[in-house]
Amino acid sequence: MTDSTDRIRMLNDNLRRDLTKGTAVMTAGVAALGPQFVERIVRAVATFDDFYTANDPHSEHDFGVFDVDGHRLIFKVDYYDLKLERHSPDPADPTVTERVITLMLADEY
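Bear in mind the structure is a predicted one, so any value in this text is a computation, not a measurement. (Residues numbered from 1 in each chain as written. Predicted model: local features only at pLDDT ≥ 70, side-chain atom pairs only at ≥ 80, totals over all residues. Heavy atoms only, no water.)

### With respect to the environment of Phe 66
- Mapped onto the elements of the fold, Phe 66 is located in strand β2 (residues 63-68).
- A residue is classified by how much of its surface remains accessible, and Phe 66, at 8% relative accessible area, is buried.
- Sequence separation between Phe 66 and Leu 105 is 39 residues, and the spatial gap between their C-alpha atoms is 9.8 Å.
- Setting aside residues no more than four positions away along its own chain, Phe 66 makes contact with Ile 41, Ala 44, Val 45, Phe 48, His 71, Arg 72, Leu 73, Ile 74 and Phe 75. (Helix = DSSP H or I, 4+ residues; strand = E, 2+ residues; numbered from the N terminus. Buried < 20%, exposed > 50% of the residue type's maximum accessible area, 1.4 Å probe, protein only. Contact = heavy atoms within 4.5 Å.)

And the structure:
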């Protein structure tokens, strides 16, 4: 691993634990399950730690699949420039990157 990968992983973990560290969005399917369900999802994402080579090949902690109340869910972190127009030029640099975490039902992926 590189210093860049370590920094990306740390920034992604920070976002998962505190969604105010970037932009968080959810799909219509997640929103339709109601605010209490969304709260449980947010808690599950914050504590998610099931990263291993097969589901995290780049060691960035940018993707996860988990279950809450019988629903299969996914979170995905993407890296954009600060205007949210293009990919970030350097995902390890928070001064040029806006992290966006998307919460979705697995069947919406």
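### A look at the sheet that holds strand β4 (residues 98-105)
- With respect to topology, 4 strands assemble into an open sheet ordered β1-β4-β3-β2, the strand pairing being mixed. A strand with exactly one partner marks an edge of an open sheet, and here the two such strands are β1 (23-26) and β2. Between one strand axis and the next, the sheet turns through 20° on average, direction left out of account.
- Taken together, the 4 bridges between β1 and β4 define a ladder with parallel strand orientation. Considered in β4, the bridge of Thr 23 is made with Val 100.
- Of the strands in this sheet, β3 (71-80) and β4 are in contact with helix α1 (residues 3-17), which crosses β4 at around 55°.
- Contacts from helix α3 (residues 35-47) reach β1, β2, β3 and β4, with the element oriented near 130° to β2. (Pairing = 2+ DSSP bridges. Axes fitted to C-alpha atoms, helices over the stretch in contact; angles between N-to-C directions.)

These figures capture arrangement, not role.
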